[in-house]
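Below, each chain spelled out in residue letters.
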Amino acid sequence: DAKTTQPPSMDCAEGRAANLPCNHSTISGNEYVYWYRQIHSQGPQYIIHGLKNNETNEMASLIITEDRKSSTLILPHATLRDTAVYYCIVRVAQKYGGATNKLIFGTGTLLAVQP
Amino acid sequence: SAVISQKPSRDICQRGTSLTIQCQVDSQVTMMFWYRQQPGQSLTLIATANQGSEATYESGFVIDKFPISRPNLTFSTLTVSNMSPEDSSIYLCSVADREGVNTEAFFGQGTRLTVV
(Lines give C-alpha, C1' and ligand atoms only; values in the text may rest on other atoms or scores of the structure.)
Protein backbone atom coordinates (compact mmCIF):
# COMPACT_ATOMS: atom_id res chain seq x y z
CA ASP A 1 0.00 0.00 0.00
CA ALA A 2 1.16 3.53 -0.78
CA LYS A 3 2.15 5.78 2.07
CA THR A 4 0.46 9.03 2.92
CA THR A 5 1.67 12.30 4.41
CA GLN A 6 -0.53 14.44 6.63
CA PRO A 7 0.14 17.48 8.82
CA PRO A 8 0.38 16.40 12.47
CA SER A 9 -2.18 18.90 13.70
CA MET A 10 -4.66 21.56 12.60
CA ASP A 11 -7.03 23.98 14.27
CA CYS A 12 -10.45 25.01 13.03
CA ALA A 13 -13.06 27.39 14.39
CA GLU A 14 -16.41 25.91 15.24
CA GLY A 15 -18.91 26.38 12.40
CA ARG A 16 -16.22 26.87 9.79
CA ALA A 17 -15.12 24.39 7.16
CA ALA A 18 -12.21 22.14 8.08
CA ASN A 19 -9.96 21.22 5.17
CA LEU A 20 -7.60 18.34 5.91
CA PRO A 21 -4.92 17.69 3.29
CA CYS A 22 -3.24 14.40 2.42
CA ASN A 23 -0.40 13.66 0.05
CA HIS A 24 -0.18 10.23 -1.59
CA SER A 25 2.21 10.82 -4.45
CA THR A 26 2.98 7.10 -5.01
CA ILE A 27 -0.63 5.97 -5.21
CA SER A 28 -1.30 3.21 -7.74
CA GLY A 29 -4.10 3.16 -10.27
CA ASN A 30 -6.11 0.57 -8.36
CA GLU A 31 -5.76 2.14 -4.92
CA TYR A 32 -8.56 4.01 -3.25
CA VAL A 33 -8.25 6.90 -0.82
CA TYR A 34 -9.99 6.26 2.51
CA TRP A 35 -10.54 8.59 5.44
CA TYR A 36 -11.16 7.48 9.00
CA ARG A 37 -11.24 9.40 12.23
CA GLN A 38 -10.64 8.40 15.81
CA ILE A 39 -12.28 10.34 18.57
CA HIS A 40 -10.51 10.02 21.89
CA SER A 41 -10.96 6.62 23.55
CA GLN A 42 -13.01 5.23 20.68
CA GLY A 43 -12.32 2.92 17.75
CA PRO A 44 -11.74 4.46 14.32
CA GLN A 45 -14.83 5.54 12.39
CA TYR A 46 -15.18 5.37 8.63
CA ILE A 47 -15.82 8.74 6.97
CA ILE A 48 -15.56 8.49 3.20
CA HIS A 49 -13.54 7.02 0.35
CA GLY A 50 -12.98 7.57 -3.37
CA LEU A 51 -10.97 6.48 -6.37
CA LYS A 52 -10.66 9.50 -8.64
CA ASN A 53 -13.94 11.38 -8.57
CA ASN A 54 -14.91 13.76 -5.82
CA GLU A 55 -17.24 12.20 -3.29
CA THR A 56 -19.73 13.61 -0.80
CA ASN A 57 -21.78 12.01 1.94
CA GLU A 58 -23.60 13.17 5.04
CA MET A 59 -20.36 13.53 6.97
CA ALA A 60 -17.86 15.07 4.58
CA SER A 61 -16.61 15.73 1.06
CA LEU A 62 -13.51 14.23 -0.50
CA ILE A 63 -11.68 16.15 -3.19
CA ILE A 64 -9.06 14.17 -5.13
CA THR A 65 -6.71 15.98 -7.50
CA GLU A 66 -6.72 15.01 -11.15
CA ASP A 67 -3.31 13.34 -10.89
CA ARG A 68 -4.53 11.56 -7.71
CA LYS A 69 -1.36 12.47 -5.85
CA SER A 70 -3.20 14.35 -3.14
CA SER A 71 -6.64 14.78 -1.65
CA THR A 72 -8.52 16.96 0.80
CA LEU A 73 -11.17 15.95 3.29
CA ILE A 74 -13.69 18.72 3.92
CA LEU A 75 -15.91 18.91 6.97
CA PRO A 76 -18.28 21.69 5.88
CA HIS A 77 -19.34 22.96 9.31
CA ALA A 78 -17.03 21.70 12.00
CA THR A 79 -18.37 21.18 15.50
CA LEU A 80 -16.60 20.48 18.77
CA ARG A 81 -17.53 16.81 18.36
CA ASP A 82 -15.40 16.68 15.21
CA THR A 83 -12.25 17.04 17.31
CA ALA A 84 -10.37 13.82 16.53
CA VAL A 85 -7.38 12.31 14.77
CA TYR A 86 -8.10 11.99 11.05
CA TYR A 87 -6.36 9.27 9.07
CA CYS A 88 -5.88 9.26 5.32
CA ILE A 89 -5.20 5.76 3.99
CA VAL A 90 -4.69 4.41 0.50
CA ARG A 91 -5.37 0.78 -0.19
CA VAL A 92 -6.40 -1.64 -2.84
CA ALA A 93 -10.01 -2.78 -2.68
CA GLN A 94 -10.35 -5.80 -4.94
CA LYS A 95 -13.39 -7.97 -5.16
CA TYR A 96 -11.75 -11.36 -5.31
CA GLY A 97 -8.40 -12.62 -4.19
CA GLY A 98 -5.23 -10.56 -4.04
CA ALA A 99 -5.66 -7.69 -1.61
CA THR A 100 -6.89 -8.45 1.87
CA ASN A 101 -8.62 -5.11 2.36
CA LYS A 102 -6.42 -4.44 5.35
CA LEU A 103 -5.89 -0.85 6.44
CA ILE A 104 -2.42 0.44 7.22
CA PHE A 105 -2.62 3.55 9.39
CA GLY A 106 -0.19 6.45 9.30
CA THR A 107 0.16 9.06 12.02
CA GLY A 108 -2.87 11.12 11.01
CA THR A 109 -3.85 14.73 11.67
CA LEU A 110 -5.15 15.86 15.05
CA LEU A 111 -7.96 18.30 14.28
CA ALA A 112 -8.84 20.56 17.17
CA VAL A 113 -12.10 22.42 16.71
CA GLN A 114 -12.08 25.59 18.77
CA PRO A 115 -15.21 27.22 20.20
CA SER B 1 -22.75 -1.29 9.16
CA ALA B 2 -21.48 -4.07 11.42
CA VAL B 3 -21.78 -3.87 15.20
CA ILE B 4 -18.67 -5.17 16.95
CA SER B 5 -18.47 -6.12 20.61
CA GLN B 6 -15.15 -6.59 22.32
CA LYS B 7 -14.62 -8.16 25.71
CA PRO B 8 -13.19 -7.19 28.08
CA SER B 9 -13.32 -3.43 27.51
CA ARG B 10 -10.35 -3.02 29.84
CA ASP B 11 -8.18 -5.08 32.13
CA ILE B 12 -5.19 -4.80 34.41
CA CYS B 13 -2.96 -7.87 34.31
CA GLN B 14 0.15 -9.12 36.02
CA ARG B 15 3.29 -9.56 33.97
CA GLY B 16 3.90 -13.11 32.82
CA THR B 17 0.20 -13.91 32.51
CA SER B 18 -1.96 -14.11 29.37
CA LEU B 19 -5.19 -12.39 28.39
CA THR B 20 -7.67 -13.48 25.75
CA ILE B 21 -9.73 -10.77 24.04
CA GLN B 22 -12.96 -11.66 22.31
CA CYS B 23 -14.48 -10.00 19.26
CA GLN B 24 -18.10 -10.72 18.35
CA VAL B 25 -19.79 -9.32 15.23
CA ASP B 26 -23.54 -9.10 14.72
CA SER B 27 -23.31 -10.38 11.14
CA GLN B 28 -21.13 -12.69 9.10
CA VAL B 29 -18.04 -11.01 7.72
CA THR B 30 -15.27 -12.36 5.54
CA MET B 31 -12.39 -10.37 6.97
CA MET B 32 -11.38 -9.84 10.59
CA PHE B 33 -8.30 -7.98 11.76
CA TRP B 34 -6.55 -7.26 15.02
CA TYR B 35 -4.75 -3.98 15.70
CA ARG B 36 -2.66 -2.62 18.53
CA GLN B 37 -2.53 1.02 19.53
CA GLN B 38 0.22 1.90 21.96
CA PRO B 39 -0.18 4.99 24.13
CA GLY B 40 -0.16 8.15 22.03
CA GLN B 41 0.50 6.21 18.83
CA SER B 42 -1.37 5.26 15.69
CA LEU B 43 -2.84 1.84 15.00
CA THR B 44 -0.57 -1.02 14.02
CA LEU B 45 -1.95 -4.09 12.29
CA ILE B 46 -1.10 -7.29 14.16
CA ALA B 47 -2.70 -9.90 11.93
CA THR B 48 -5.56 -10.95 9.71
CA ALA B 49 -7.74 -13.61 11.34
CA ASN B 50 -8.59 -16.30 8.82
CA GLN B 51 -11.54 -18.58 9.33
CA GLY B 52 -10.51 -22.20 9.61
CA SER B 53 -6.81 -21.57 9.12
CA GLU B 54 -3.87 -19.90 10.77
CA ALA B 55 -3.85 -16.13 11.02
CA THR B 56 -1.65 -14.06 8.74
CA TYR B 57 0.76 -12.02 10.86
CA GLU B 58 2.37 -8.71 9.98
CA SER B 59 6.07 -8.15 10.29
CA GLY B 60 7.13 -7.98 13.92
CA PHE B 61 4.25 -10.06 15.28
CA VAL B 62 4.39 -13.82 15.88
CA ILE B 63 1.87 -16.49 16.65
CA ASP B 64 3.52 -17.55 19.92
CA LYS B 65 3.03 -14.09 21.37
CA PHE B 66 -0.35 -13.28 19.79
CA PRO B 67 -2.25 -16.50 19.05
CA ILE B 68 -5.49 -15.85 17.18
CA SER B 69 -8.51 -18.02 16.68
CA ARG B 70 -11.40 -17.59 14.28
CA PRO B 71 -13.81 -20.50 14.51
CA ASN B 72 -16.57 -18.92 12.41
CA LEU B 73 -17.55 -15.82 10.44
CA THR B 74 -18.75 -13.81 13.44
CA PHE B 75 -16.18 -14.45 16.17
CA SER B 76 -12.46 -14.18 16.81
CA THR B 77 -10.11 -14.12 19.78
CA LEU B 78 -6.69 -12.58 20.29
CA THR B 79 -4.50 -13.77 23.14
CA VAL B 80 -1.66 -11.64 24.46
CA SER B 81 0.75 -14.19 25.95
CA ASN B 82 3.39 -13.88 28.63
CA MET B 83 2.63 -10.21 29.06
CA SER B 84 5.12 -7.50 29.93
CA PRO B 85 4.51 -3.79 30.60
CA GLU B 86 5.42 -3.09 26.96
CA ASP B 87 2.22 -4.89 25.96
CA SER B 88 0.14 -2.18 27.62
CA SER B 89 -1.96 -0.92 24.72
CA ILE B 90 -5.41 -0.72 23.27
CA TYR B 91 -6.24 -3.78 21.18
CA LEU B 92 -8.86 -3.32 18.49
CA CYS B 93 -10.85 -5.72 16.38
CA SER B 94 -11.83 -4.68 12.87
CA VAL B 95 -14.05 -6.32 10.26
CA ALA B 96 -14.61 -5.93 6.53
CA ASP B 97 -16.15 -7.79 3.66
CA ARG B 98 -14.03 -8.91 0.77
CA GLU B 99 -17.02 -9.07 -1.52
CA GLY B 100 -17.62 -5.87 -3.40
CA VAL B 101 -15.07 -3.41 -4.69
CA ASN B 102 -15.92 -0.57 -2.34
CA THR B 103 -15.54 -2.07 1.08
CA GLU B 104 -15.10 -0.24 4.32
CA ALA B 105 -13.82 -1.55 7.62
CA PHE B 106 -15.56 -1.21 10.98
CA PHE B 107 -13.88 -1.15 14.34
CA GLY B 108 -14.77 -2.21 17.84
CA GLN B 109 -14.28 0.12 20.78
CA GLY B 110 -11.12 -1.66 21.80
CA THR B 111 -9.71 -3.38 24.86
CA ARG B 112 -7.51 -1.23 27.05
CA LEU B 113 -4.83 -3.44 28.57
CA THR B 114 -2.51 -2.39 31.35
CA VAL B 115 0.25 -4.76 32.39
CA VAL B 116 1.78 -4.21 35.82
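Residues numbered from 1 in each chain as written. Chains lettered and ligands numbered in written order. Predicted model: local features only at pLDDT ≥ 70, side-chain atom pairs only at ≥ 80, totals over all residues. Heavy atoms only, no water.

K.L.:
Sorry, what's going on with the overall build of chain A here?
P.N.:
Secondary structure assignment for chain A yields 0 helices and 9 strands. Reading chain A from its N terminus to its C terminus gives the helix and strand order β-β-β-β-β-β-β-β-β. Taking 115 residues into account, the globule formula puts the C-alpha radius of gyration at 13 Å, and chain A, at 14 Å, falls close to it. Based on the C-alpha atoms only, the size of chain A along its principal axes is roughly 45 × 30 × 25 Å. Burial status across chain A gives 44% buried among its 115 residues. Counting only contacts in chain A whose residues sit at least 6 apart along the sequence, the fraction spanning at least 24 positions is 59%. (Helix = DSSP H or I, 4+ residues; strand = E, 2+ residues; numbered from the N terminus. Rg over C-alpha atoms; globule rule 2.2 N^0.38 Å. Buried < 20%, exposed > 50% of the residue type's maximum accessible area, 1.4 Å probe, protein only. Contact = heavy atoms within 4.5 Å.)

K.L.:
Looking at this structure, how should I read the overall build of chain B?
P.N.:
A tally of helices and strands in chain B yields 0 helices and 11 strands. For chain B, the N- to C-terminal ordering of α and β elements is β-β-β-β-β-β-β-β-β-β-β. Against the compact-globule benchmark of 13 Å for 116 residues, chain B has a radius of gyration of 14 Å, which places it among compact chains. Based on the C-alpha atoms only, the size of chain B along its principal axes is roughly 45 × 25 × 20 Å. Here chain B holds 116 residues, and 49% of them are scored as buried. Counting only contacts in chain B whose residues sit at least 6 apart along the sequence, the fraction spanning at least 24 positions is 55%. Element-wise, carbon and sulfur atoms account for 47% of the exposed surface of chain B, whose accessible area totals about 5400 Å². In chain B, the 8 positive side-chain charges and the 10 negative ones have mean positions that sit 8 Å from each other. (Areas by Shrake-Rupley, 256 points an atom, 1.4 Å probe, with all protein chains shown as cover. Lys, Arg positive; Asp, Glu negative; His and termini not counted. Charge placed at Lys NZ, Arg CZ, Asp CG, Glu CD.)

K.L.:
Please explain the sheet that holds strand 7 (residues 68-72) of chain B as it appears in this structure.
P.N.:
Two modes of strand pairing occur in sheets, parallel and antiparallel, and in both the strands are linked by backbone hydrogen bonds. Residue and element names in this part refer to chain B. The 4 strands lie next to each other as 1-3-8-7, forming an open sheet whose pairing is antiparallel. Each edge of the sheet is formed by a strand with only one pairing partner; in this case those strands are strand 1 (4-7) and strand 7. Taken pair by pair, the neighbouring strands of this sheet meet at an average axis angle of 15°, ignoring direction. In this sheet, strand 8 (residues 75-80) lies alongside strand 7 in antiparallel orientation, the contact comprising 3 bridges. The residue bridging Asn72 from the neighbouring strand is Phe75, located in strand 8. (Pairing = 2+ DSSP bridges. Axes fitted to C-alpha atoms, helices over the stretch in contact; angles between N-to-C directions.)

K.L.:
What's the story with the nonpolar core in this structure? I'm lost.
P.N.:
One broad rule of soluble globular proteins: the nonpolar side chains tend to lie buried together. By size, the foremost hydrophobic cluster in this structure holds 26 residues, and its most contacted members are Trp34 and Ile46 of chain B. If you tally residues by element for this core, the top one is strand 3 (residues 19-25) of chain B, at 4 residues. Ranked by size, the runner-up nonpolar core spans 21 residues in total, among them Ile27, Ile47, Ile64 and Ala84 of chain A. (Core = buried A, V, L, I, M, F, W, Y, C linked by side-chain atoms within 4.5 Å.)

Keep in mind these values describe shape, not function.
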